[in-house]
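Spelled out, the chains give:
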Amino acid sequence: MYIVIISAEEEGFMKKMRFISGCVSIALSVIMLLTGCGELDSIDEVVLDLDGTMYDTTDKEKENKEEEITVAFIFDGLVNDGGYTQMHNNGRIEVEKMSGVKTIYKENIKDDKDETEKICEEFIKNGATIIYGTSFGHLEGMAESAKKHPDIKYIHCSGNISTNNMSSFFGKIYQMRYLTGIAAGSKTQTNKIGYVAAYPIPEVIRGINAFAIGARSVNPDVVVEVEWTYTWDNEELERKTAEKLIKNGADVIAQHQNTTGAQKAAEAANIYSIGYNRDMSYANPNQLTSAIWNWGIYYTACTQNIIDNKWKSEVEWLDASSGLVDISPLSEDIDDEIKKLIESEKQNIKNNKDTIFKGPLYNQNGELMVVDGEIMAENDIYNMDWFIDCVKGSIN
């Protein structure tokens, strides 16, 4: 059976009682409907607060509520988007399983300072002592809120701020893009790989370059053609952009986008693809592999450190050895030799032998950017704003 709990704590009592009366009626109807269908065999809690905050207490015993801590998550997309936000939500679910912890979240929160700060304030009113933000656009709003609440911990994904009560983290997903590039370069017949990309920012640019370096390592004639969408999650636009690249001769499609639009275009054209965020072979059976995130590894460790008073504020950029970034299983269509190469390179990276950006490397104008034998400095990789010479596309 499902128990629906309606919380009423913030507005006028009579106004909320009228609202609650309607909600309870709806809730009871849902309970009767589901019970009648015979689908419910356990007792779960679904808690809906009046401000729209979702509480997750499903399948979890809450014996010591007075000792329980509340961890909040701000998502810029929908938790069922099939990509970026869904993987972050999977991480939240891992936190929810921790002893003495409950989680709350809000989804589809736009990248806006005022809106983000408002959401943080609502979370704190609802008892949150740890707040995770999952989009770069949440950074400023979280930072403002952090100044007002020194006792609350703010953890931001993809940012660069570190204060007494706020830290930032991200993963070196470019390392996995290098590996997926090897797979793509080995399978293209036209020597053209299409890359559907969101925004011309360092995170995306370094990923494209690493991918291209990987592709070129097994195919010196390869060209990676980039088309920008200027959006993270517009499935229709991403699909059309991929179709344009395919029309221009690309026979492998890669992406730095949050939906499966590009994968679906590749599936329709019966060509190979490289996914992102999660294994996207469900969208295109011809997927070679995906660069994926395992957010739960970070979220659970960070939350436990806060609980144990071991947390420290820092800006972390975690590599493959952390488990935060990885690749999905390799397609059976990839030659055994290439599979062995990918696994070998992956192990080297995990053993702190990251030589992806080792010179000589030239930009699109033929200018030497990294001299022969030199490995690009980490700060230069992080702030990368130029394309290597086998990438076709502009950075505006």
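Residues numbered from 1 in each chain as written. Predicted model: local features only at pLDDT ≥ 70, side-chain atom pairs only at ≥ 80, totals over all residues. Heavy atoms only, no water.

(A) Geometry of the nonpolar core. Core analysis: the biggest nonpolar cluster contains 76 residues, and Y132, I155, I208, V226, W295, Y298 and F357 have the highest contact counts within it. Ranked by size, the runner-up nonpolar core spans 17 residues in total, among them I109, I124, I131 and L139. (Core = buried A, V, L, I, M, F, W, Y, C linked by side-chain atoms within 4.5 Å. Buried < 20%, exposed > 50% of the residue type's maximum accessible area, 1.4 Å probe, protein only.)

(B) How the structure looks around unusual backbone geometry. With an omega of 10 degrees, the peptide bond between G359 and P360 qualifies as cis. Relative to the helices and strands, P360 is located in the loop between α10 (336-350) and β16 (361-362). Phi angles above zero are rare outside glycine, and N352 is one such case at about 65 degrees. Take N352: it is sitting in the loop between α10 and β16. Of the residues examined, N352 reaches a relative accessible area of 66% and is grouped as exposed. (Helix = DSSP H or I, 4+ residues; strand = E, 2+ residues; numbered from the N terminus.)

(C) Summary view of helix α6 (residues 202-218). Over its 17 residues, α6 extends 25 Å from the first C-alpha to the last, a length consistent with the 24 Å expected when each residue adds 1.5 Å. Of all 17 residues that make up α6, 13 are buried, and the element is covered over most of its length. (Expected span 1.5 Å × (residues − 1).)

(D) Summary view of a nonpolar patch on the surface. Together, Y362, L368 and V371 line one region of the surface with nonpolar side chains, adding up to about 250 Å² of accessible area. Mapped onto the fold, Y362 is located in strand β16. (Patch = residues over 30% accessible without salt bridge, like charges linked within 9 Å, V, L, I, M, F, W, Y side chains within 5 Å. Areas by Shrake-Rupley, 256 points an atom, 1.4 Å probe, with all protein chains shown as cover. Salt bridge = Lys/Arg side-chain N within 4 Å of Asp/Glu carboxyl O.)

(E) Quick look at the packing of aromatic side chains. Scanning the entire structure with this criterion turns up 20 aromatic pairs. Aromatic side chains F73 and Y299 sit 5.1 Å apart centroid to centroid with 85 degrees between the ring planes, which places their arrangement in the edge-to-face category. Taken together, the residues F73 in strand β4 (residues 69-74) and Y299 in helix α9 (residues 295-307) connect sequence positions 226 residues apart. Each member of the pair, F73 as well as Y299, carries the same accessibility label: buried. Here R177 stacks its cationic end above the ring of Y276, 4.1 Å away from the centre of that ring. (Phe/Tyr/Trp six-rings, centres within 6.5 Å; stacked < 30°, edge-to-face > 60°. Lys NZ or Arg CZ within 6 Å of the ring centre and 35° of its normal.)

(F) Layout of the confidence of the model for the protein chain. Within the protein chain, residue pLDDT values average 89, and 83% of them lie at 70 or more. The least confident element of the protein chain, judged by mean pLDDT, is strand β1 (residues 2-7) at 40; the most confident is strand β11 (residues 252-256) at 99. Contacts for the low-pLDDT stretch residues 60-64, under 50 throughout, to residues beyond four places or in other chains number eleven contacts. (pLDDT = per-residue confidence, 0-100. Contact = heavy atoms within 4.5 Å.)

(G) Geometry of the sheet that holds strand β18 (residues 391-392). Pairing is mixed across the open sheet formed by seven strands, whose spatial order is β15-β13-β12-β11-β9-β10-β18. One side of each edge strand has no neighbouring strand; the edge strands of this open sheet are β15 (325-327) and β18. In this fold helix α7 (residues 235-247) packs onto β9 (192-197), β10 (223-228) and β11, with an angle of close to 160 degrees to the strand it touches most, β9. (Pairing = 2+ DSSP bridges. Axes fitted to C-alpha atoms, helices over the stretch in contact; angles between N-to-C directions.)

(H) Seen up close, the environment of A184. Structurally, A184 is set in helix α5 (residues 173-187). For A184, a relative accessible area of 0% gives the class buried. When the C-alpha positions of A184 and S273 are compared, they lie 7.6 Å apart, and in sequence the two are 89 residues distant.

(I) Looking closely at the environment of A268. Along the chain, A268 turns up in helix α8 (residues 261-269). Judged by its relative accessible area of 63%, A268 is exposed. Residues A268 and E243, 25 residues apart in the sequence, show an inter-C-alpha distance of 9.3 Å.

(J) Region of the structure containing the pattern of salt bridges. As enumerated under the stated definition, the model contains twelve salt bridges in all. The shortest N-O distance in the salt bridge between E235 and K264 comes to 2.6 Å. Residue E235 is found in helix α7, and its partner K264 is found in helix α8; the two are separated by 29 residues along the sequence. Given the relative accessible area of 34%, E235 is considered partly exposed. K264 sits in the partly exposed class, given a relative accessible area of 36%. In this structure, the salt-bridge partner of K240 is E236, at a minimum N-O distance of 3.8 Å.

(K) Examining the packing of α7 against α8 more closely. Where α7 contacts α8, the axes come no closer than 7 Å and their chain directions differ by 45 degrees. The angle between α7 and α8 places the two elements in the oblique class. Considering the relative orientation of α7 and α8, their crossing is right-handed. Of the residues in α8, those touching α7 at E235, E238, R239, A242, E243 and I246 are G261, A262, K264, A265, A266 and A269. (Parallel < 35°, antiparallel > 145°, perpendicular 65-115°, else oblique. Left-handed = near helix turned anticlockwise from the far one by under 90°.)

(L) Structural detail: the environment of A269. For A269, the position within the fold is in helix α8. Each C-alpha atom of the pair A269 and D251 lies 8.7 Å from the other, and the pair is 18 residues apart in sequence.

(M) Highlighting the pairing of strand β8 (residues 166-171). The element β8 is largely enclosed, with a buried count of six among its six residues. Burial along β8 is two-sided: the residues M166, S168 and F170 and S167, F169 and G171 are all buried. Here four bridges tie β8 to strand β14 (residues 315-318), and the two strands are oriented parallel to one another. Bridge pairing in β14 links G171 to L318.

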